Amino acid sequence: MPTPHETEKQHVGPEEADQPPSMSSHDAAPPAAPSRNPCCLCWCCCCGCSWNEERRRAWRVSRENKLQPLPSCEACATPSPEEVRSWAQSFDKLMHSPAGRSVFREFLRTEYSEENMLFWLACEELKAEANQHVVDEKARLIYEDYVSILSPKEVSLDSRVREGINKKMQEPSAHTFDDAQLQIYTLMHRDSYPRFLSSPTYRALLLRGSSQSSSEA
């Protein structure tokens, strides 16, 4: 059996992202999953059942859908010039604006880190859910899509947060991923947000807003 090890996710280009993940003895599958796959308790590549092949097929589908379109609720809003300018005042104002999240997500897509926003949005949706059955299912999907090391959309989380999630997944709640969501929010704030403000995308929006204000004057 290979020695378990923990891997830290690094930024990858499109060529590297197209390589399927290798099977590992430390596959970070949701803790609740073994009960549904009793023959795969070891989570290793030597398992003789069809679980690994199904996981690879799921990976391929997930990879094809990685660059999914924006949901209508995020894409429909047209920001005013004042709103666009307010995004430079703080990251909180950007993230509280549906149009701001939409533009920022498109920027993250160009940096191959769109999964950070997708994870944050999924956590927000989970926190708004009251039905425990739905919470269980959504928590499992979030884990598989953004926490599992087999996912092409895995977000970068430290070992402390990952261990906390693994424990909470025994009995998922609407707040299972709160620590992870905060960590990704902080990562986007410190890493991506400054580059967004100096990006051609944001500068073009500011210029368009200035032109619109001048024409209305």
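Preceding this section is the structure that the text describes.
Everything quoted here is computed from the prediction, not taken from an experiment.

1. Looking at the overall build of the chain
Scanning the chain for helices and strands turns up 11 helices and 0 strands. Sequence separation of 24 or more characterises 65% of the internal contacts of the chain that already satisfy a separation of 6 or more. Total accessible area on the chain stands at roughly 12,100 Å², and carbon and sulfur atoms take up 53% of it.

2. Quick look at the pattern of salt bridges
For the structure shown, the criterion picks out 12 salt bridges. Between Glu129 and Lys138 there is a salt bridge, with the nearest N and O atoms lying 3.6 Å from each other. Take Glu129: its relative accessible area is 23%, and that puts it in the partly exposed class. Lys138 sits in the partly exposed class, given a relative accessible area of 22%. Here the residues in one salt-bridge network are Arg105, Arg109 and Glu114, joined through shared partners.

3. Thoughts on the side chain of Arg105
Looking at where Arg105 falls in the secondary structure, it is placed in helix α6 (residues 98-110). One polar contact links Arg105 to Glu114, side chain to side chain, over a distance of 2.6 Å.

4. Some details on the packing of α6 against helix α10 (residues 178-197)
Two numbers describe how α6 lies on α10: the axes approach to 11 Å, and their chain directions differ by 95°. By the angle class used here, α6 and α10 are roughly perpendicular. Of α10, the residues touching α6 (which contributes Val103, Phe104, Phe107 and Leu108) are Met188, Ser192, Tyr193, Arg195 and Phe196. Counted by class, the contact of α6 with α10 contains 7 nonpolar, 1 polar and 1 charged residues.

5. Side note on the packing of aromatic side chains
All told, the structure shown has 11 aromatic pairs when counted by the stated rule. Aromatic pair Trp120 and Tyr185: ring centres 6.2 Å apart, planes at 35°, arrangement tilted. Of the two residues, Trp120 sits in helix α7 (residues 114-127) while Tyr185 sits in helix α10, which places them 65 residues apart along the sequence. You'll find Trp120 and Tyr185 in the same group, each marked buried. Aromatic side chains Phe196 and Tyr202 sit 5.2 Å apart centroid to centroid with 40° between the ring planes, which places their arrangement in the tilted category. Classification of Phe196 by relative accessible area gives buried; the value is 0%. An aromatic cluster is defined as three or more aromatic residues linked by ring pairs; in this entry it consists of Trp87, Phe91, Phe104, Phe107, Trp120, Tyr185, Tyr193, Phe196 and Tyr202.

6. Some details on α6
Taking 1.5 Å of rise per residue, the 13 residues of α6 would be expected to cover 18 Å, and the 19 Å separating its terminal C-alpha atoms lies within 8% of that figure. Buried residues of α6: Ala99, Gly100, Arg101, Ser102, Val103, Phe104, Arg105, Phe107 and Leu108, and no others.

7. Notes on the nonpolar core
The biggest cluster of nonpolar side chains holds 37 residues, and the ones touching the most others in it are Trp87, Phe104, Phe119, Ile165, Phe177 and Phe196. In terms of residue count, the dominant contributor to this core is α7 (7 residues). Once residues within four sequence positions are removed from consideration, Phe177 is found in contact with Phe119, Cys123, Leu126, Ala139, Ile142, Tyr143, Val147, Ile165 and Met169.

8. Things to note about the environment of Ser156
Take Ser156: it is sitting in the loop between α8 (132-147) and α9 (159-168). A relative accessible area of 29% means that Ser156 is categorised as partly exposed. Along the backbone, Ser156 and Ile184 are 28 residues apart, and their C-alpha atoms lie at a distance of 7.5 Å.

The rules behind these values
- Residues numbered from 1 in each chain as written.
- Predicted model: local features only at pLDDT ≥ 70, side-chain atom pairs only at ≥ 80, totals over all residues.
- Heavy atoms only, no water.
- Helix = DSSP H or I, 4+ residues; strand = E, 2+ residues; numbered from the N terminus.
- Contact = heavy atoms within 4.5 Å.
- Areas by Shrake-Rupley, 256 points an atom, 1.4 Å probe, with all protein chains shown as cover.
- Salt bridge = Lys/Arg side-chain N within 4 Å of Asp/Glu carboxyl O.
- Buried < 20%, exposed > 50% of the residue type's maximum accessible area, 1.4 Å probe, protein only.
- Polar contact = N/O pair within 3.5 Å; in protein donor to acceptor, adjacent residues only side chain to side chain.
- Axes fitted to C-alpha atoms, helices over the stretch in contact; angles between N-to-C directions.
- Parallel < 35°, antiparallel > 145°, perpendicular 65-115°, else oblique.
- Nonpolar A, V, L, I, M, F, W, Y, C, P; charged D, E, K, R; others polar.
- Phe/Tyr/Trp six-rings, centres within 6.5 Å; stacked < 30°, edge-to-face > 60°.
- Expected span 1.5 Å × (residues − 1).
- Core = buried A, V, L, I, M, F, W, Y, C linked by side-chain atoms within 4.5 Å.

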